[in-house]
Amino acid sequence: MSEIFWRFGDKSDSLEAVRRRGELWGVDAARLVLMEQTHSDKVRVVADEDLGCGFTKPALPVVDAICTNRKDILLVVKGADCVPILFYDPAKQVVAAAHSGRKGTQMSICVQVLQRMRLEYGSSVADLQVLIGPGVSAQHYEVSGEVYDDFVAKTKVAQPIARHLDLRRVIVEDLLRSGVRRENLQCNQECTFSSERYFSYREDKNCGRQLSAIGVLDGTSF
């Protein structure tokens, strides 16, 4: 029987650790898919040639979200302050993973994922379960006045602290406005900057990256 697997990574799920141990999550490295992540709003449907990207060959370029209805594949997103978002459609057995930093959040990448899942697989937004992972908190995400004003103007979401950005607040509002049910939405409020469990780019620009993943596994392909 197929089972949904998902995990928000911490330092123990670093990019280096997963590369050394391809079976860290019970799936061979050749069946993991990782994006380059360039702070875009591009969403890609995983193809055969994408399997192993980021592990056995270069990461997928120019996209910050991926989706699939294939089993025994883990979609992987890396982060160190930016917010990982995992999507699951239990009706269609579709999963997606997105990287939502300041620019991706401002461009509503989570909404782009919803639209792609609907177009490619016929997913209904009302069926979707969405998991929002650890990221930098508003308290530790201060920006310039110009960046702050532009972010608020484009997202149309009030921020709790002047010149500080709350990415998860915007992501949640975008998802709810798009029709995701509140009861199907889980939001992890841990701050990657203040917790020792996570890598934080704002704390250390030479830090590693933790990996988060999601997939539908039935064990028949590995």
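Reference entry: report on the structure contained in this document. (Residues numbered from 1 in each chain as written. Predicted model: local features only at pLDDT ≥ 70, side-chain atom pairs only at ≥ 80, totals over all residues. Heavy atoms only, no water.)

### Comments concerning the sheet that holds strand 5 (residues 74-79)
Two pairing modes exist for strands in a sheet, parallel and antiparallel, and in both the strands are linked by backbone hydrogen bonds.
Here comes step 1: Strands sit in the order 1-10-5-2 across an open sheet of four strands; the sheet is mixed. Lying at the two open borders of the sheet, with one neighbouring strand each, are strand 1 (3-7) and strand 2 (32-34). On average, adjacent strands in this sheet sit at an angle of 20° to one another, irrespective of strand direction.
Here comes step 2: As judged from the five bridges shared by strand 5 and strand 10 (residues 210-217), these two strands associate in the antiparallel manner. Residue pairing for strand 10: Gly-79 is matched across the bridge by Gln-210. (Pairing = 2+ DSSP bridges. Helix = DSSP H or I, 4+ residues; strand = E, 2+ residues; numbered from the N terminus. Axes fitted to C-alpha atoms, helices over the stretch in contact; angles between N-to-C directions.)

### Topic: the side chain of Gln-106
Here comes step 1: With respect to the helices and strands, Gln-106 occurs in helix 2 (residues 102-106).
Here comes step 2: Under the relative-accessibility criterion, Gln-106 is labelled buried at 16%.
Here comes step 3: In terms of polar contacts, Gln-106 uses its side chain to reach the side chain of Asp-150, at 3.1 Å.
Here comes step 4: Apart from the residues within four sequence positions on either side, Gln-106 is in contact with Asp-150, Phe-151, Lys-154 and Thr-155. (Buried < 20%, exposed > 50% of the residue type's maximum accessible area, 1.4 Å probe, protein only. Polar contact = N/O pair within 3.5 Å; in protein donor to acceptor, adjacent residues only side chain to side chain. Contact = heavy atoms within 4.5 Å.)

Treat this as a map of the structure, not an account of what it does.
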